[in-house]
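Letter by letter, the chains look like this.
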Amino acid sequence: MGALALPAWLRQVRVSGDVALGLGVMLVLALLVGYARSTGGSPWQIALMLLLTLTPATTVAISLFHWGVTQVVPPRLLPKLDFRKGIAPGHETMVVIPALLTGPQEVKSLLRQLELHYLRNSDKRLQFAMLTDFGDADAQDLPEDEALLAQAEAGIQALNGRCGRPRQGAAPAPGLTSVPQGPFHFFHRKRLWNARERVWMGWERKRGKLDEFSTLLHDLGPTTFICTGADLAACRRTRYVITLDADTILPPGGAARLAGALAHPLNHAVFDPQSGKVKAGYTVLQPRTEIALTSSNRSLFSQIYAGDKGLDLYTLAVSDVYQDLFGEGSYIGKGI
């Protein structure tokens, strides 16, 4: 989402919101204290009760505040072009997974995830790619690196053999002896020395992969990519990039909906000629994300942080209250 400068009145609303949340928590706690005193609770029992109910009281106050906000400022749906029958010409999209090649099993998992994205979102103007680095190391090259690259490249070729169609008249990418066929691509970067961390690693990790991928698509200069499996001519027709984590599920039709949102004229980014900042529209859109039911109970950590799971039509129908109210949000690395 483009960063928007908040007007003075909206900054005041933010401050008022923080005050309202604080007062809401105090009100809930005051009701609990009143109930404890009316039932003969001793001071230490009341203190223990306050300690145990602080988090639940905060949750109740936030829920009530969000409910009030949605009554005053209803969520706004972004207009979208209808790409349900296929992404329109001129809006070619690439789904990428930035990841680390840490071992044969990780390579196999990434290839499987890439194929599942394709099966859920098959479109002739939709392509899929792995953007990878090796893990951090004490040397630029390790003995096992070559085998991992060969496994990843062979996996991409196998995917294109099963799912792809031959590309007519395409020229091989640098370093390739044959032209990949189909929608799958592989981009890998070499390690560079990081003097601050004193280790060989992919430059800037995930952010660096996306930054250099943009540079490669626009042919703006050299990158650290080793293009071991990519049809660059086809990739450079890409207009939108959907980036996902290695464990993210892109639901059926999700890619077309994301592309349709950015493609709508009312969502096109408008830049301030002086500062270069986005003053209207969007350069990045982030969809609603949630923890899968099958993952929420895998560990104590996931049980604590996954939140409420199940069928909740109301929360699934609205967007994030904070982002709607202030026109800004925290990017979590999954979006277009």
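Throughout this document, residue positions are counted from 1 along each chain, in the order its sequence is written. At least 70 in pLDDT is required for a residue's local features to be given in this predicted model, at least 80 for side-chain atom pairs to be given and counted, and no such filter applies to totals for whole chains, interfaces and linings, which use all residues. Only hydrogens and water are set aside when side-chain values are computed; all heavy atoms of the structure are taken into account.

(A) Seen up close, the overall build of the protein. Of the regular secondary structure elements, the protein holds 10 helices and nine strands. Looking at the protein as a whole, 37% of its 336 residues are labelled buried. The long-range share in the protein, meaning contacts at least 24 apart out of those at least 6 apart in sequence, stands at 71%. Using the Shrake-Rupley algorithm and a 1.4 Å probe, accessible areas are obtained, with residue cover drawn only from the displayed protein chains. Roughly 20000 Å² of accessible area belongs to the protein as shown, and the carbon and sulfur atoms make up 60% of that amount. Put simply, DSSP H or I for four residues or longer makes a helix, DSSP E for two residues or longer makes a strand, and each gets a number counted from the N terminus. Each residue's exposure class comes from its accessible area (1.4 Å probe, protein chains only) as a fraction of the maximum for that residue type: buried when under 20%, exposed when over 50%, partly exposed otherwise. Here a residue-residue contact requires only that any non-hydrogen atoms of the pair lie within 4.5 Å.

(B) Structural detail: a nonpolar patch on the surface. Residues qualify for a patch when their relative accessible area is over 30% and they have no salt bridge, like charges being joined within 9 Å and the nonpolar side chains of Val, Leu, Ile, Met, Phe, Trp and Tyr within 5 Å. When a carboxyl oxygen of Asp or Glu is within 4 Å of a side-chain nitrogen of Lys or Arg, the pair counts as a salt bridge. Among the surface-exposed residues, Trp44, Leu48, Leu51 and Leu52 lie close enough to one another that they form a single nonpolar patch of about 500 Å² accessible area. If you trace the backbone, tryptophan 44 turns up in helix 2 (residues 43–72). The exposed category is assigned to tryptophan 44, whose relative accessible area is 59%.

(C) A look at unusual backbone geometry. In this model, arginine 198 sits at a positive phi of 55 degrees, which is unusual for a non-glycine residue. Considering the arrangement of structural elements, one finds arginine 198 in the loop between strand 4 (192–194) and strand 5 (199–201). The backbone phi angle of arginine 205 is positive, close to 50 degrees, even though this residue is not glycine. Tracing the sequence through the fold places arginine 205 in helix 5 (residues 205–218). The class for arginine 205 is partly exposed, based on a relative accessible area of 35%.

(D) Broad picture of the packing of aromatic side chains. Only Phe, Tyr and Trp rings are paired, with Trp represented by its six-membered ring, and only when their centres lie within 6.5 Å; those with planes under 30 degrees apart are stacked, over 60 edge-to-face, the remainder tilted. A complete count under the given rule lists six aromatic pairs for this structure. The rings of Tyr118, Phe128 and Phe184 are connected pair by pair, giving a single aromatic cluster.

(E) Highlighting the environment of arginine 236. One can find arginine 236 in the loop between helix 6 (232–235) and strand 7 (240–243). Among all residues touching arginine 236, those that are not within four sequence positions of it are Leu216, Leu217 and Asp219.

(F) Focus on the packing of helix 3 (residues 104–120) against helix 4 (residues 145–163). Two elements in contact, helix 3 and helix 4, have axes separated by 10 Å at closest approach and are oriented at 25 degrees. The orientation of helix 3 relative to helix 4 falls into the category roughly parallel. Considering how the two elements wind past one another, helix 3 and helix 4 form a crossing that is right-handed. Between helix 3 and helix 4, the contacting residues are Pro104, Val107, Lys108, Leu111, Leu114, Glu115 and Tyr118 on the first element and Leu148, Gln151, Ala152, Gly155, Ile156, Leu159, Arg162 and Cys163 on the second. When residues are grouped by polarity, Ala, Val, Leu, Ile, Met, Phe, Trp, Tyr, Cys and Pro land in nonpolar, Asp, Glu, Lys and Arg in charged, and all others, Gly among them, in polar. In the contact of helix 3 with helix 4, the residues fall into 10 nonpolar, two polar and three charged. Here, axes are lines fitted to C-alpha atoms. For helices the fit covers the stretch in contact, and angles between N-to-C directions go from 0 to 180 degrees. Any angle from 65 to 115 degrees is called roughly perpendicular, while one under 35 is roughly parallel, one over 145 is roughly antiparallel, and all others are oblique. Should the near helix be turned anticlockwise from the far one by less than a right angle, the crossing is left-handed, and should it be turned clockwise, the crossing is right-handed.

(G) Region of the structure containing the nonpolar core. As used here, the term nonpolar core means buried Ala, Val, Leu, Ile, Met, Phe, Trp, Tyr and Cys residues forming a set that is joined through side-chain atoms within 4.5 Å. Counting 36 residues, the largest nonpolar core has Leu101, Leu114, Met130, Phe184 and Ile336 as its most contacted members. Of all the secondary-structure elements, those providing two or more residues to this core are strand 1 (93–101), helix 3, strand 2 (126–134), helix 4, strand 3 (184–189), strand 7 and helix 7 (254–263). Broken down by element, this core gets its largest block of residues, seven residues, from helix 7. Residue contacts for isoleucine 336: discarding those within four places in its chain leaves Tyr240, Val241, Ile242, Leu258, Ala259, Leu262, Thr283, Val284 and Leu285.

(H) Spatial organisation of helix 3. The terminal C-alpha atoms of helix 3, which comprises 17 residues, lie 25 Å apart, in line with the 24 Å expected from a rise of 1.5 Å per residue. Val107, Leu110, Leu111, Gln113, Leu114, Glu115, His117 and Tyr118 are the residues of helix 3 that are buried. Looking at the buried positions of helix 3, the neighbouring elements they touch are strand 1, strand 2, helix 4 and strand 3. What a helix should span is 1.5 Å times the count of its residues minus one.

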